[in-house]
Amino acid sequence: FSLKKFVDNPAGLTLVLSLPGFVSLLLAPLSSFISDRIWTRFGRRKPFILTSWISVILCLTLMPLAPNFWSLIILFACYGLANDLGTPSMEVINQEIVPPQQRGRATAGMQWCSNFACLIFYFVALGRFDDVQFMAGVPITGEKAIYWSSGLLLGVMALLLMLGVKELKPHS
């Protein structure tokens with residue numbers, strides 16, 4: 001919807017939205033490969049995930065403020081790159097920190113939460129994309145509210161990961 005402010009051509013929108021998929025073909029496996037072969041005092045997955053999430057938060061904060069098509073494309077490309085940096089590691093860290101006997105329940109719980117969040121987003125937030133509300137005399141659009149609340153929630157998840165998850169060094 002943010003791109004639709006600048007481009008009306010459906011083929012152009014499809015082209016722009018498909019570009020991160022091509023970058024993901026190279027960057028996501030490379031990120032996973034590197035994260036398997038390093039160890040820092042913070043762990044081996046957390047540096048990738050936190051770098052990714054902090055970059056994604058920055059992109060989400062700036063995207064609704066993009067003044068033109070090209071700045072939005074640059075932010076969208078940076079968002080895709082940052083997301084690719086952490087996504088492969090996130091799935092692996094879930095399996096590493098959840099005990100084997102609880103992985104089925106943990107996966108089911110994560111799927112339930114993810115599906116519930118999608119339902120709320122599609123039924124509540126997405127329909128408000130073009131709305132404008134005033135808070136203390138400042139106009140806040142639905143677009144800004146969606147991007148900024150997503151960034152805020154990702155920031156909460158980053159704090160949880162930083163403060164609540166401890167990776168164990170693998171034996172070999």
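Report follows, based on the coordinates. (Residues numbered from 1 in each chain as written. Predicted model: local features only at pLDDT ≥ 70, side-chain atom pairs only at ≥ 80, totals over all residues. Heavy atoms only, no water.)

Okay, the overall build of the protein chain next. When you go through the protein chain residue by residue, the secondary structure sums to five helices and two strands. Beginning at the N terminus, the succession of helices and strands in the protein chain can be written as α-α-α-α-β-β-α. Dimensions along the principal axes, computed over C-alpha positions, put the protein chain at roughly 55 × 35 × 25 Å. Evaluated residue by residue, the protein chain yields a buried proportion of 28% over its 172 residues. Across the protein chain, contacts joining residues at least 24 apart in sequence account for 68% of those joining residues at least 6 apart. On the protein chain, the mean spot of the 13 positive side-chain charges and the mean spot of the 9 negative ones are 11 Å from each other. (Helix = DSSP H or I, 4+ residues; strand = E, 2+ residues; numbered from the N terminus. Buried < 20%, exposed > 50% of the residue type's maximum accessible area, 1.4 Å probe, protein only. Contact = heavy atoms within 4.5 Å. Lys, Arg positive; Asp, Glu negative; His and termini not counted. Charge placed at Lys NZ, Arg CZ, Asp CG, Glu CD.)

The description of an aromatic ring pair rests on the distance of the ring centres and on the angle between the ring planes. Evaluated as defined, the whole model comprises three aromatic pairs. Ring plane angle 75 degrees and centroid distance 5.0 Å describe the contact between Phe69 and Trp70, whose orientation is recorded as edge-to-face. Exposure remark for Trp70: the relative accessible area of 61% places this residue in the exposed category. Ring centres of Phe121 and Tyr122 lie 5.4 Å apart, and the angle between their planes is 65 degrees; this geometry places the pair in the edge-to-face category. (Phe/Tyr/Trp six-rings, centres within 6.5 Å; stacked < 30°, edge-to-face > 60°.)

Mapped onto the elements, Asp84 comes out in helix 3 (residues 69–97). Nearest to the buried, unbridged Asp84 among oppositely charged side chains is Arg45, at 15 Å. Beyond its immediate sequence surroundings of up to four residues, Asp84 is in contact with Pro20, Val23, Ser24, Leu27, Ala28 and Ser31. (Salt bridge = Lys/Arg side-chain N within 4 Å of Asp/Glu carboxyl O.)

Core analysis: the largest hydrophobic core is formed by 25 residues, its most contacted members being Leu3, Val16, Trp53, Met63, Phe69 and Leu161. For this core, the elements supplying multiple residues, two or more each, are helix 1 (10–36), helix 2 (46–62), helix 3 and helix 5 (142–164). Looking at which element gives the most residues to this core, the answer is helix 3, with seven residues. When neighbours within four sequence positions are excluded, Phe69 is seen to be in contact with Leu3, Phe6, Val7 and Val16. (Core = buried A, V, L, I, M, F, W, Y, C linked by side-chain atoms within 4.5 Å.)

Relative to strand 2 (residues 138–141), strand 1 (residues 132–135) is paired through four bridges, and the arrangement is antiparallel. Counterpart to Val132 in the pairing with strand 2 is Thr141. Between strand 1 and strand 2, which pair antiparallel in sequence order, lie two residues; one of them, Ala136, sits at a positive phi of approximately 55 degrees. (Pairing = 2+ DSSP bridges.)

Moving on: the pattern of salt bridges. Under the counting rule described, the total for this entry stands at four salt bridges. Here Glu143 and Lys5 are joined by a salt bridge, their closest N and O atoms 3.2 Å apart. Taken together, the residues span a long stretch of sequence, with Glu143 in helix 5 and Lys5 in the segment before helix 1 at a distance of 138 residues. For Glu143, a relative accessible area of 7% gives the class buried.

By themselves these figures say nothing about function.
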